[in-house]
Amino acid sequence: MAFSVVMPALEMAQETGKLIAWRKEEGDRVTKGEPLLEIETDKAVMEVEAPADGILAGITGVVGSDIPVGQTIAWIVAPGEKPPADEQASTRPAARGKTETHVPPVAASVSGVLPTQAARISPKARRLAKELSVDIATVRGTGPGGEILASDVQAASAVPPASGATAAPGKPSIEAPTTLGRLMAERTTQSWTTVPHFFVTRDIDAGALNEYREKLVTEIERTHKIRITHTDLLVALTSRVLLEHPRLNASWTLEGIRLHGHVNMGVAIAVNDGVVAAVIPNAHRASLAEIAQQRHDIAERARAGKLRPADIADATFTISNLGMYHVGQFTAIITPPQAAILAVGSIADRVIAVEGKPGVRPMMSLTLSCDHRVADGARAAVFLNDLAEALRDPQKML
């Protein structure tokens, strides 16, 4: 029985996807669940897994093309079986054998590398190499198995990473936005102009949070080989508090307010050309070690340009933490259709009143951005109050 490989819909309102690379060639044997191709959506470059075991045949998807969601781009057939002729005739371009269209053209044009070498270059690195005119053949990869990453291309380039263009002194330069940069501009503009934002800020004593992390960090690193961060603790605590505040863990829809019975926590992660919101599903049920491991793995895939569809799907709430950049306080723009996002500032010693006397305590600012169609100021304030209580005694909650 033949299984069709179609351009998947990986996000809401997606109409097309750009085919970046085939991981397999026509006639290759594939195994269900192994990476089969890479596509680029408005959010990121992601790997798509094979839907079945068999032989890859009838490839119609051309690398570099934008393909409508749902269109068949290849088939997986049994040995000796041919792909359905009617689908081939209706969607396949001029007959091609095992040609260069199955090899990422960017890599070939930049470095002339062979197909086997191209598979060892991340999609982001291929695009960056083209933008910076870097010969990939001269780049030493530092990724798994010697894979060339975007950071390797930047290191090999004489062009500063923050700029894709150069200009004479005193003259302005124009930097063309990347796909991710363009998407961020479009979506933040849409959110800011269509969602009625309001903001509630709360300063919280993070002393107990610091102590709890120090208590667990060595043990979890020894047992799970992963180091927990303040973000991991915030994900665990916030997701559990959200269960008691369904209007903050909700979505605005044309039919009304959708209340989610689970917490899929989005975590904003900085990558070379923007920010992606990685998703930790069912975070309210996950242990600290599980949250830390998932957050670490997704961050690695995001920076290597190898996100999976599930990595960015179906977030119900988002945390954006800029504390590691020494940002004291900021406000974040909501990601529709989510109803809220929590902006986390750095933990810093401040002089505050402690039992009526001046004292120095590690303080942290939390700012909640809310969609006023879904939640009001009172709901937001009560949520922050409950989160503050959880942070004062994290062990009780976890």
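Higher on the page you've got the structure.
Structural notes, computed from the coordinates. These figures come from a predicted structure and were not determined experimentally. (Residues numbered from 1 in each chain as written. Predicted model: local features only at pLDDT ≥ 70, side-chain atom pairs only at ≥ 80, totals over all residues. Heavy atoms only, no water.)

### As for the overall build of the protein
Broken down by element type, the protein carries 11 helices and 17 strands. Looking at the protein residue by residue over its 398 residues, the buried ones come to 46%. Put simply, the protein shows about 19,500 Å² of open surface, and 53% of that area lies on carbon and sulfur atoms. (Helix = DSSP H or I, 4+ residues; strand = E, 2+ residues; numbered from the N terminus. Buried < 20%, exposed > 50% of the residue type's maximum accessible area, 1.4 Å probe, protein only. Areas by Shrake-Rupley, 256 points an atom, 1.4 Å probe, with all protein chains shown as cover.)

### Focus on the sheet that holds strand β2 (residues 16-22)
What the 4 strands build is an open sheet, ordered β5-β4-β2-β7; its pairing is antiparallel. Because the sheet does not close on itself, it has two edges, and the strands there are β5 (45-49) and β7 (66-68). Here the average twist between neighbouring strands, direction ignored, is 45°. (Pairing = 2+ DSSP bridges. Axes fitted to C-alpha atoms, helices over the stretch in contact; angles between N-to-C directions.)

### Let's talk about the packing of aromatic side chains
For the structure on display, the rule yields 2 aromatic pairs. Note on tryptophan 192 and phenylalanine 199: the rings are 6.3 Å apart at their centroids and 25° apart in plane angle, and the pair reads as stacked. Taking the relative accessible area as the measure of exposure, tryptophan 192 reaches 49% and is therefore partly exposed. Aromatic pair phenylalanine 317 and phenylalanine 383: ring centres 6.1 Å apart, planes at 55°, arrangement tilted. In this pair, phenylalanine 317 sits in strand β14 (residues 317-321) while phenylalanine 383 sits in helix α10 (residues 377-392), placing the two residues 66 residues apart along the sequence. (Phe/Tyr/Trp six-rings, centres within 6.5 Å; stacked < 30°, edge-to-face > 60°.)

### A short note on the environment of valine 62
The residue valine 62 is located in the loop between β6 (54-57) and β7 in this model. By relative accessible area, valine 62 is classed as partly exposed at 25%.

### Digging into a nonpolar patch on the surface
A surface patch of nonpolar side chains, about 290 Å² in accessible area, is lined by Trp192, Phe199 and Ile333. Locating phenylalanine 199 in the fold gives a position in strand β9 (residues 197-205). By relative accessible area, phenylalanine 199 is classed as partly exposed at 35%. (Patch = residues over 30% accessible without salt bridge, like charges linked within 9 Å, V, L, I, M, F, W, Y side chains within 5 Å. Salt bridge = Lys/Arg side-chain N within 4 Å of Asp/Glu carboxyl O.)

### Considerations on the sheet that holds β6
Strands sit in the order β1-β8-β6-β3 across an open sheet of 4 strands; the sheet is antiparallel. Of all strands in the sheet, those with a lone pairing partner are β1 (3-6) and β3 (29-30), marking the two edges. Here β6 runs beside strand β8 (residues 72-77); their pairing, made up of 3 bridges, is antiparallel. Residue pairing in the sheet places alanine 57 in a bridge with tryptophan 75 of β8.

### With respect to the pairing of strand β4 (residues 35-40)
The buried fraction of β4 is high, at 5 of 6 residues. As paired elements, β2 and β4 share 4 bridges and run antiparallel to each other. What sits directly across from tryptophan 22, in β4, is leucine 37. As paired elements, β4 and β5 share 5 bridges and run antiparallel to each other. Bridge pairing in β5 places isoleucine 39 opposite methionine 46.

### Focus on the side chain of threonine 367
Tracing the backbone shows threonine 367 in strand β17 (residues 357-371). Owing to a relative accessible area of 0%, threonine 367 belongs among the buried residues under this scheme. Side-chain polar atoms of threonine 367 contact the side chain of threonine 201, separated by 3.0 Å. Residue contacts for threonine 367: discarding those within four places in its chain leaves Phe199, Val200, Thr201, Gln329, Phe330, Thr331, Ile341, Leu342 and Ala343. (Polar contact = N/O pair within 3.5 Å; in protein donor to acceptor, adjacent residues only side chain to side chain. Contact = heavy atoms within 4.5 Å.)

### Re helix α8 (residues 230-242)
Helix length check: α8, at 13 residues, gives a terminal C-alpha distance of 18 Å against a target of 18 Å (1.5 Å per residue), a fit within 8%. When you tally the buried positions in α8, you get 12 out of 13 residues, the bulk of the element. For α8, the full list of buried residues reads Thr231, Asp232, Leu233, Leu234, Val235, Ala236, Leu237, Thr238, Ser239, Arg240, Val241 and Leu242. The distance from a side-chain oxygen at the start of α8 to the backbone nitrogen of threonine 231 is 3.3 Å, and the residue carrying that oxygen is threonine 229. (Expected span 1.5 Å × (residues − 1).)

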